[in-house]
Amino acid sequence: MMRCLAAGLGCLVFAALAYGQDGSRGYRLRVEPGMMTMRHTERPRLTVAVEDASGQPVDDVRVDFTVSEGAVTPDGSRRTQDGRVTGTFTPAFGGDNPRRAFVVVSAAGHEVTVFIDIVPAVYGR
């Protein structure tokens, strides 16, 4: 499912979810949004959910973020509470050209990659 929300000079587009599964423990890793297009001035939040094989939230699982540029700052602990961790993505200062960044989310022995297209505010005027 793709959606587009008007956001001033740009448009934020995202897929519903990105999934990963760790067969050894039966954990599922869900990251929302799974991909996005953002203006360089935006600071989108990523939500990571860790669930067991039956779909129940798993607590106290460490979640790590590895970024190609910029940073993801956890909005609290890096360990799941109620099965979730959220973080805010801040892109590096960039030029006037669109670019693609990625965030690799690691938890419960699995990784999910979120791709982020970053566009300058004046792009496409």
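Sequence order sets the numbering: in each chain, residues are counted from 1 along the sequence as written. Whole-chain, interface and lining totals are the exception, using all residues; otherwise, since this is a predicted model, local features are given only for residues with pLDDT of at least 70 and side-chain atom pairs are given and counted only at 80 or more. Values reported for side chains reflect all heavy atoms of the structure, with hydrogen atoms and water molecules removed beforehand.

Points about the confidence of the model for the protein
Here is step 1 of the chain: What pLDDT conveys is the predictor's confidence in a given residue, as a value from 0 to 100. A residue-level look at the protein finds 75% of positions with pLDDT of 70 or above and a mean pLDDT of 81.
Here is step 2 of the chain: The contact rule is simple, with two residues in contact once any of their heavy atoms fall within 4.5 Å. This stretch, residues 1-20, has a pLDDT under 50; its non-local contacts, to residues over four places away or in other chains, come to 58 contacts.

As for the pattern of salt bridges
Here is step 1 of the chain: Salt bridge, as applied in this entry: a Lys or Arg side-chain nitrogen positioned within 4 Å of an Asp or Glu carboxyl oxygen. With the rule as written, the count across this model stands at seven salt bridges.
Here is step 2 of the chain: We note a salt bridge from R30 to E51, for which the minimum N-O separation is 2.7 Å. Here R30 is found in strand β4 (residues 27-32), whereas its partner E51 is found in strand β6 (residues 45-51), with 21 residues between them in sequence.
Here is step 3 of the chain: Among the ionic pairs, R100 bridges to D117, the shortest N-O distance being 2.8 Å. Here R100, found in strand β10 (residues 99-107), pairs with D117, found in strand β11 (residues 110-119); they are 17 residues apart in sequence, far enough to count as distant.
Here is step 4 of the chain: Given a relative accessible area of 54%, R100 falls into the exposed group. Only DSSP runs of H or I with at least four residues qualify as helices, and only runs of E with at least two residues qualify as strands; both kinds are numbered from the N terminus onward. Exposure is judged per residue with a 1.4 Å probe applied to protein chains only, and the accessible area is read against the type maximum: over 50% gives exposed, under 20% gives buried, and values in between give partly exposed.

Section: the nonpolar core
Here is step 1 of the chain: We call a set of buried residues a nonpolar core when its members are Ala, Val, Leu, Ile, Met, Phe, Trp, Tyr or Cys and they connect through side-chain atoms within 4.5 Å of each other. Ranked by internal contacts, the top residues of the largest apolar core, which has 23 residues, are F65, F89, V103 and I116.
Here is step 2 of the chain: Among all residues touching F65, those that are not within four sequence positions of it are V48, V72, R78, V85, V103, V104 and V105.

Here's the deal with the pairing of β10
Here is step 1 of the chain: Most of β10 is tucked away: seven of the nine residues are buried.
Here is step 2 of the chain: Here, any two strands with at least 2 DSSP bridges between them count as paired. The pairing of strand β7 (residues 63-67) with β10 spans five bridges and is antiparallel. Bridge pairing links D64 to S106 in β10.
Here is step 3 of the chain: The pairing of β10 with β11 spans nine bridges and is classified as antiparallel. Paired with V104 across the bridge in β11 is T113.

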